[in-house]
Amino acid sequence: MVKFKFLRIRKFLKILFYLSLLPLGLYVSLYVLDYFFPFPEHLLKPAGYSMEICDRNGELLMSFLDQQSQWNFPVPLQEIAPILRQSLISAEDKHFYKHAGVDLVALVRAFIGNITGWRRYSGASTITMQTIRLLEPRPRCLRSKIIEAFRAWQLERLVSKDQILEIYLNLTPYGSNLIGIEAASRRYFDKSASSLTLAEASLLAGLPQSPSGYRPDRHFEKAIKRRSYVLRRLEADGIISKEEQTLVDQEKPSIAKYSRHFSAAHWCMMMKESHRAYKGKLQTSLDLRIQEIAQECLRHGLARYLWKDIENGAVIVMENRTGKIRAWIGSANFFSSEIQGQINGGRAIRSPGSLLKPFTYLLAFQNGLLHPGSILHDVDLGRPDYRPSNYDRQFYGPVSARFALRESLNIPAIRVQQELGTETLLNFYRSLGISSLEHEAGYYGLTLTLGTCEATLLELVNAYATLARQGTYVPPQWMEEPSLTEVVEAKTIFSPEAAYLVHSILRDVEPLKRAGMYIAENAPQFAWKTGTSSGQKDAWAMVYNPEYTIGVWLGNFDNRSSKNLVGIEAAMPIAYQILQEIVRLYPGSWYLQPAAVQKQQICIRSGDMPQPGLCQQIQEEWRIIGKSPQYACRVHQQLLLDSTKTWAVCDACKGKEFHSQIIEVWPEHVRAWLQENIGLSKIPSHFPDCPRNISTKVVIAKPIANTQFTLGPDEKQHIELQAFAGPQATLYWFQDGVLIGKTISGKSLYHCLEKGKHQLSCSNEHGDQASVQIQIR
């Protein structure tokens, strides 16, 4: 009997011994399994993100479904209301911060339930195990439960409890296509998860058990019943008092329909398209305040055209210093199919009209061909194949470059293009970022500067921003976030001095006042330019100051024309209103005068340096020292008349009595216009009995032999050639043996010479010849 008892005790102790080895064996087994089956850490990186497009200050503009067509906005745990976290733990896993991933008591209870068939599951899954199930979905069975328990143990060793809770809250489905607590908060309560109240948090904490069954927008009473359970658990765990439980249990929160943000639609679509691989919040350069200003000004401006002859418009605002785009409106109404509102007017290729003219003049200033006071000839080009005119169908004769650009005259701009060369001008436009100019120079011809070509609103805005930056080109910048901002090197395209001359012209608001716009005397300074395309299909306006450049386009995407599509009348008021509103937010400044830009006196009629005693009308004009042309006046000359003031005379025929008169000498096509339109007197013919006219011998009067001339800033020198050889004799001029032109005896010919020594010869039809030597230094 004693022996039998001893054997039983021994057997019992043996069993106890083996049982005591179980934890050690389990512990060793776990580590062996961990070695051969490591945790797939790549699963911890969120796979799904709903892209959120934000402005420069983080204001939400628009959000998009993720790759699985779900709303998913992962947020850090710190941005989730603490009461929501506490509610979830009380409802799902009250020992969450105590166990190592597996609640053994609950697991044994579930195991017994599965064996006996009494209850298949009894809440054995901890939050950690549920997180594993969300990371690696498996069929719901005992085998899956064991794997989940093992993976939960691994996960607890890899990351902290708070990290696990954060992963869980961002992966849990909340009904419909909502993933994560942030998406649920926005959808059901139109607020972020950080702002949830106890009533709202406890309701959402009950949803994970059955996301579809407890959806508050469809099964509100069931959701409230489940919330009551969560509130009881919170009270039992001492998180809230009994009074709070009773009070909140009686409260029925209203389920709000999520007010989706839909600002700057065209901008957001572009950002989504160009950042497809990006996950989460995309902080762009757009400024929502400026965007709303531009939107309202465009809406108000288009409202004037009630009969819908102008249906659409686009606006881009760029910050000059950085090149960042602060506003982008692609159409008047993104949702209107009637006006083709989803076309992005900021990128649409259109005809820019007169918007290119300032850059034509700028290049001429830069190359030393002109200054703002230089005289250009606004008269018919005299070409039978091409006869352009100005917008008002008038010619203005000799005008200054300042007047020609301010009034946006066409003929002077074409003459400047001829002087520059179309190929040179085209390359300059392209250097400003106008890449839509894809054809060769011959395709555009002389109409290039008039804007009968291709450009987008974005390209034009950045070209004007380059002008506003005093010649520094920076590609458009789309991102505010430093890590996403493109690193670019600024390029100097032209000088600040040339830019300043253009600023001095484009800041003149007199044409705007004539067009009926009110510009206050104390209004902040700005520069502007408008454009109207051929056929009146596009109306443009550009406005800039040192801080911002604003571009406005108005028109119709079906290419319909309208008599109201005039830049200065339709688009300019919108652009100016936008500038005024922006300046109220961000005060503007103006440009400092470069040291190399100085005012000098010029003859108003010729635009050249005044000649003492000849030029009577003199004014000051900006010039670039050492660059702008400095010819002596080439219009005013002193003419000697006989005693009757009938004939022009010279030293050979003036006699004892003669008179002196100042005359204006113009090219024949300009003189003809002046005589017809303002009554300019004809220059008297030379005295017919002048010995020089009677003699058939060729005599060169100008230039005088051995004269030395100083080279002009364009590395050329214009010389007046004049010779006499008998009445109405035809004379032929040669430079260094090469025929350069012909004149009538006594008439002048102007010729351009380069640096060096030259021989000028003149001969008549009989072969008589005279020659002089001159030097250009």
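Residues numbered from 1 in each chain as written. Predicted model: local features only at pLDDT ≥ 70, side-chain atom pairs only at ≥ 80, totals over all residues. Heavy atoms only, no water.

1. A few points about the sheet that holds strand E12 (residues 527–532)
Adjacent strands of a sheet form backbone hydrogen bonds with each other and so pair up, either parallel or antiparallel. Here is the rule we go by: One bridge is not enough; two strands pair if DSSP finds at least two bridges between them. Secondary structure elements are taken from DSSP: a helix is a run of H or I of four residues or more, a strand is a run of E of two residues or more, and numbering for both begins at the N terminus. Note on geometry: axes are lines fitted to C-alpha atoms, helical ones only across the stretch in contact, with angles between N-to-C directions running from 0 to 180 degrees.
An order of E7-E6-E14-E13-E12 is seen for the 5 strands of this open sheet, with the pairing classed as antiparallel. With one partner strand each, in any of the chains shown, strand E7 (325–329) and E12 form the two edges of the open sheet. Between one strand axis and the next, the sheet turns through 10° on average, direction left out of account. Of the pairings in the sheet, the one linking strand E6 (residues 312–319) to strand E14 (residues 548–555) comprises 8 bridges and is antiparallel in character. Within E14, the position partnered with glycine 313 by the bridge is leucine 554.

2. Details of the nonpolar core
As a reminder, the rule being used: To define a nonpolar core, start from buried Ala, Val, Leu, Ile, Met, Phe, Trp, Tyr and Cys residues and group those joined through side-chain atoms within 4.5 Å. Each residue is placed in one exposure class: buried if its accessible area under a 1.4 Å probe, protein chains only, is under 20% of its type's maximum, exposed if it is over 50%, and partly exposed if it falls in between.
In terms of nonpolar packing, the biggest core is built from 79 residues, with Ile53, Trp267, Tyr361, Tyr429 and Leu467 touching the most fellow members. With 9 residues, helix H18 (residues 457–468) is the single largest residue contributor to this core. Counting residues in each nonpolar core, the second largest holds 51 residues, with Trp71, Phe96, Ala201 and Leu203 among its members.

3. Digging into the pattern of salt bridges
Which entries qualify depends on this criterion: By convention in these notes, a salt bridge is any Lys or Arg side-chain nitrogen within 4 Å of a carboxyl oxygen on Asp or Glu.
Per the stated rule, a full pass over the model turns up 32 salt bridges. Between glutamate 92 and arginine 226 there is a salt bridge, with its nearest N and O atoms 3.5 Å apart. One end of the pair, glutamate 92, is in helix H2 (residues 82–92); the other, arginine 226, is in helix H9 (residues 220–236), and 134 residues separate them in sequence. Here glutamate 92 and arginine 226 have matching classes, each one buried. Linking glutamate 136 and arginine 138 is a salt bridge whose minimum nitrogen-to-oxygen distance equals 3.3 Å. For glutamate 136, a relative accessible area of 18% corresponds to the buried category.

4. Description of the state of the cysteines
Applicable threshold: Counting rule for disulfides: a pair of cysteine sulfur atoms within 2.5 Å.
Per the counting criterion, the structure on display carries 0 disulfides. No disulfide involves cysteine 603; its nearest neighbouring cysteine sulfur is the one of cysteine 615, lying 3.7 Å away. Cysteine 603 gets classed as buried once you look at its relative accessible area, which sits at 0%. Cysteine 633 takes part in no disulfide bond, and the closest cysteine sulfur, belonging to cysteine 615, lies 3.5 Å away.

5. Digging into the pairing of E6
With 8 of its 8 residues buried, E6 lies for the most part within the structure. Alternating positions in E6 separate into two faces, Asn312, Ala314, Ile316 and Met318 on one and Gly313, Val315, Val317 and Glu319 on the other, with burial throughout. The sheet contact formed by E6 and E7 spans 4 bridges and is antiparallel. Considered in E7, the bridge of valine 315 is made with isoleucine 329. Following E6, the chain reverses through 5 residues before pairing antiparallel with E7; glycine 323 in that reversal takes a positive phi of roughly 80°.

6. Quick look at the packing of helix H4 (residues 127–135) against helix H6 (residues 161–171)
Operational definition: Any angle that falls under 35 degrees is termed roughly parallel, while one over 145 is termed roughly antiparallel, one within 65 to 115 roughly perpendicular, and all others oblique. If you view the pair so one helix is near and one far, a crossing is left-handed when the near helix is turned anticlockwise from the far one by less than a right angle, and right-handed when it is turned clockwise. The criterion used for residue contact is that any of the two residues' heavy atoms lie within 4.5 Å.
Where H4 contacts H6, the axes come no closer than 9 Å and their chain directions differ by 50°. Here H6 runs oblique to H4, going by the angle between their axes. Here H4 and H6 pass one another in a crossing that is left-handed. In this structure, H4 uses Ile127, Thr128, Gln130, Thr131, Leu134 and Leu135 to contact H6, whose residues at the interface are Ile164, Leu165, Ile167, Tyr168 and Leu171.

7. Some points on the environment of valine 75
One can find valine 75 in the loop between strand E3 (71–72) and H2. Sequence spacing of valine 75 and aspartate 651 is 576 residues, and the spatial spacing of their C-alpha atoms is 97 Å. Ignoring any residue separated from it by four or fewer positions in sequence, one finds valine 75 in contact with Ile80, Glu166, Asn170 and Glu182.

8. Quick notes on the packing of aromatic side chains
Inclusion rule: Any Phe, Tyr or Trp ring, taking Trp's six-membered ring, that has another such ring centre within 6.5 Å forms a pair; planes under 30 degrees apart are called stacked, those over 60 apart edge-to-face, and the others tilted. Two conditions define a charge sitting above a ring: the NZ of Lys or the CZ of Arg must be within 6 Å of the ring centre, and it must be within 35 degrees of the ring normal.
If you walk through the whole model with that rule in mind, you get 19 aromatic pairs. On the numbers, 6.1 Å between centres and 50° between planes, the contact of phenylalanine 262 with phenylalanine 334 is tilted. One end of the pair, phenylalanine 262, is in the loop between helix H10 (242–249) and helix H11 (265–274); the other, phenylalanine 334, is in the loop between E7 and helix H13 (357–366), with 72 residues separating them in the sequence. For phenylalanine 262, a relative accessible area of 32% corresponds to the partly exposed category. Ring geometry for tryptophan 267 against tryptophan 328: centres 6.2 Å apart, planes inclined by 45°, an arrangement best described as tilted. Pair noted here: tryptophan 267 is in helix H11 and tryptophan 328 is in strand E7, with a separation of 61 residues, a long-range link. Grouping residues by exposure puts tryptophan 267 and tryptophan 328 together as buried. Counting every residue linked through ring pairs, the aromatic cluster contains Phe262, Phe334 and Phe335. Above the ring of phenylalanine 96, the side-chain terminus of lysine 161 is found at 4.7 Å from the ring centroid. Arginine 186 extends its terminal NZ or CZ atom over the ring of phenylalanine 73, reaching a point 4.0 Å from the ring centre.

9. Focus on a nonpolar patch on the surface
To keep it simple, the criterion reads: By definition, no residue in a patch forms a salt bridge, and every one has over 30% relative accessible area; like charges are joined within 9 Å, nonpolar side chains (Val, Leu, Ile, Met, Phe, Trp, Tyr) within 5 Å. Using a 1.4 Å probe, the Shrake-Rupley method yields the accessible areas, and only the shown protein chains count as cover for residues.
Side chains of Val32, Leu33, Tyr35, Phe36 and Phe37 sit close together on the surface and give an oily, nonpolar patch of about 580 Å² of accessible area. On the basis of relative accessible area, tyrosine 35 is assigned to the exposed category, the value being 67%.

10. Overview of the sheet that holds strand E26 (residues 756–764)
Spatially, E21-E27-E26-E23-E24 is the arrangement adopted by the 5 strands of the open sheet, whose pairing is mixed. Lying at the two open borders of the sheet, with one neighbouring strand each, are strand E21 (708–709) and strand E24 (738–744).

11. A short note on the environment of cysteine 752
Its place among the elements puts cysteine 752 in strand E25 (residues 748–753). Distance in space between the C-alpha atoms of cysteine 752 and glutamine 70 is 74 Å, their sequence separation being 682 residues.

12. Section: H2
Of all 11 residues in H2, 8 are buried, a share of seventy percent or more. Among the residues of H2, those classed as buried are Ile83, Leu84, Ser87, Leu88, Ile89, Ser90, Ala91 and Glu92. Close packing links the buried residues of H2 with H4, H6, helix H7 (181–189), helix H8 (198–205) and H9.

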